[in-house]
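# Fold and contact review
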Amino acid sequence: MAKKKAMSRRSFLDNLLILSGAGVVGAAGYPVAKFILPPEQSEPDNLSTTAINVGELAKGEYRIFEFNRKPAIVVRTGADANAPESYHALSAVCTHLQCTVQYRQEIGHIYCACHNGHFNLQGKVLSGPPPKPLPTYKVDIRNEKVIVSVESA
Ligand code: FES
């Protein structure tokens, strides 16, 4: 009877050791497997999206919207809300460390508050640490909507 009890204790310890080993292998193997296996396919990028409705922004106002899972910015600078040239659309992801930019009407610049980066409305870096310009988008007006598209090369 005592021997049976000792075997039972021994098999319990064996099982505990096997379980611990499996846990260690799983903890070490999961990140390796995630690194080796290809990522799941994400949705393909859209070529265009509706940024805002016509009349939603007064002259000098801006809006951040999502375009292909990233923030983008549309700024209205013209008086005619139905004219595509009254709007500027750019990526809102700062090219320095990816902060979201904003438009400052009083200076007429796209501004990144993280490290005082300034861009003009064509995306060109005016000052600060951003190394590259902001990508710009094409603007069209269709059915009372401001449509923003990736410019074809
Ligand atoms: S993240 Fe925009 S200036 Fe640094």
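These numbers were taken from a predicted model, which means no experiment stands behind them.

This paragraph deals with the domain arrangement of the protein. One frequently used descriptor of interface size is the decrease in accessible area upon assembly of the parts. What the domain assignment reports for the protein is domain 1 (1-40) and domain 2 (48-150). Each of domain 1 and domain 2 was reduced to a C-alpha centroid, and the two centroids are 54 Å apart.

With that out of the way, let us pick up the sheet that holds strand β8 (residues 125-127). Hydrogen bonding along the main chain pairs the strands of a sheet, whether they run parallel or antiparallel. If you trace the 4 strands from one edge of the open sheet to the other, you get β5-β6-β7-β8, paired in antiparallel fashion. The outermost strands of the open sheet, each flanked by one partner alone, are β5 (102-104) and β8. In this sheet, adjacent strand axes meet at a mean angle of 40° when their direction is disregarded. In this sheet, β8 lies alongside strand β7 (residues 117-119) in antiparallel orientation, the contact comprising 2 bridges. The residue of β8 that forms the bridge with F119 is V125.

This part takes up unusual backbone geometry. Positive phi, normally seen in glycine, also occurs at Q98, with a value near 70°. In this fold, Q98 is placed in the loop between β4 (87-91) and β5. Unlike most non-glycine residues, N116 shows phi in positive territory, near 60°. Residue placement: N116 occurs in the loop between β6 (109-112) and β7.

Ranked by size, the top nonpolar core spans 22 residues in total, and within it A72, I73, V74, A89, L90 and V148 carry the most contacts. Of all the secondary-structure elements, those providing two or more residues to this core are β2 (62-67), β3 (70-76), β4, β6 and β10 (145-150). Of all the elements, β3 adds the most residues to this core, at 4 residues. The contact partners of L90, leaving out residues within four places of it in the chain, are A72, I73, I110, G123, L134, P135, T136 and Y137.

Conventions and cut-offs
- Residues numbered from 1 in each chain as written.
- Predicted model: local features only at pLDDT ≥ 70, side-chain atom pairs only at ≥ 80, totals over all residues.
- Domains from an automatic or database assignment.
- Pairing = 2+ DSSP bridges.
- Helix = DSSP H or I, 4+ residues; strand = E, 2+ residues; numbered from the N terminus.
- Axes fitted to C-alpha atoms, helices over the stretch in contact; angles between N-to-C directions.
- Core = buried A, V, L, I, M, F, W, Y, C linked by C-beta atoms within 7 Å.
- Buried ≥ 20, exposed ≤ 12 C-beta atoms within 10 Å, placed from the backbone.
- Contact = placed C-beta atoms within 7 Å.

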